[in-house]
Amino acid sequence: MSSNRVVLVVVAVVAVVVLIPLAIVVAAASFVTLRSEETGGGPVVVEEIPAPAPAPDEAAIRIDQITGSWDGTYTCSGKVRALRLTINLAGNDGLEARFVFFTGPTQAGAPHGSYTMSGGYDGSVVTLQGREWISRPDAYVMVDLRGTPSRSPAGGLTMAGQATHCAGFAVTKSGS
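The description of an aromatic ring pair uses the distance of the two centres, along with the angle that the planes make with each other. All told, the structure shown has 7 aromatic pairs when counted by the stated rule. Taken together, a centroid distance of 6.3 Å and an interplanar angle of 85° make the contact between Y74 and F101 edge-to-face. Note that Y74 is positioned in strand 1 (residues 68-76) and F101 in strand 3 (residues 94-101), a separation of 27 residues in sequence. By the burial criterion, Y74 is buried, and F101 matches it. Note on Y115 and W133: the rings are 5.0 Å apart at their centroids and 70° apart in plane angle, and the pair reads as edge-to-face. Of this pair, Y115 sits in strand 4 (residues 113-121) while W133 sits in strand 5 (residues 126-135), and the two are 18 residues apart along the sequence. Residue classification places Y115 among the buried residues on the basis of a relative accessible area of 1%. One aromatic cluster in this structure is built from Y74, F99, F101, Y115, W133 and Y140.

Below is the structure:
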């Protein structure tokens, strides 16, 4: 290697190891001096910028989003029946509902029976208990519901879970 190349390599190493860090220190000192002059020669106060608040969990489902009409089915005694569940708020954290069921797997024709329900939502599970018959067909009992609401890939709301004395239920919120 020629002596000119050795000198260039040494200069480059010195620039990287010494001059660049020195330039950073000088720039920082200049900033502090300017900030000190802005504050009248007093101490430089560095303001702490708070971290941004976490974005609300878009997937979380609030209790007010549980309210409304839900349509779907429930299976009981081996038969699939259409279901319309209408849920309203009751007080600060309670729910009241109307459970309307039909004779077949669709809502064609008149409702077969209905009753009121009450319950709540703990942020992940909806629980509703049958309370009072509105229209009771012979040999029917009220079913209580315990379901988990979730967002469908399209952004709508669905809920599925257990129905006492029955196999289960699945509903989709109308208009969601």
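This part takes up the sheet that holds strand 1. Working definition: the strands of a sheet are paired by backbone hydrogen bonds and lie parallel or antiparallel to each other. Strand order around the closed barrel formed by 8 strands is 1-2-3-4-5-6-7-8, with antiparallel pairing between neighbours. Each neighbouring strand pair of the sheet contributes to a mean axis angle of 30°, computed without reference to strand direction. The pairing of strand 1 with strand 2 (residues 79-90) spans 9 bridges and is antiparallel. Counted as the bridge partner of C76 is K79 from strand 2.

Right, let's get into the state of the cysteines. Each disulfide consists of one covalent bond between the sulfur atoms belonging to two cysteines. Applying the stated criterion across every chain, the model contains 1 disulfide. Note that C76 is cross-linked by a disulfide to C166, the S-S spacing being 1.9 Å. What sets the handedness of the C76 and C166 disulfide is the S-S torsion sign, and at about -65° it is left-handed. Of the two residues, C76 sits in strand 1 while C166 sits in the loop between strand 7 (157-163) and strand 8 (168-173), which places them 90 residues apart along the sequence. A residue is classified by how much of its surface remains accessible, and C76, at 16% relative accessible area, is buried. Residue classification places C166 among the buried residues on the basis of a relative accessible area of 17%.

Residue placement: S150 occurs in strand 6 (residues 145-151). Classification of S150 by relative accessible area gives partly exposed; the value is 33%. The sequence separation of S150 and S124 amounts to 26 residues, and the corresponding C-alpha distance is 8.8 Å.

What counts as what
- Residues numbered from 1 in each chain as written.
- Predicted model: local features only at pLDDT ≥ 70, side-chain atom pairs only at ≥ 80, totals over all residues.
- Heavy atoms only, no water.
- Phe/Tyr/Trp six-rings, centres within 6.5 Å; stacked < 30°, edge-to-face > 60°.
- Helix = DSSP H or I, 4+ residues; strand = E, 2+ residues; numbered from the N terminus.
- Buried < 20%, exposed > 50% of the residue type's maximum accessible area, 1.4 Å probe, protein only.
- Pairing = 2+ DSSP bridges.
- Axes fitted to C-alpha atoms, helices over the stretch in contact; angles between N-to-C directions.
- Disulfide = S-S within 2.5 Å.

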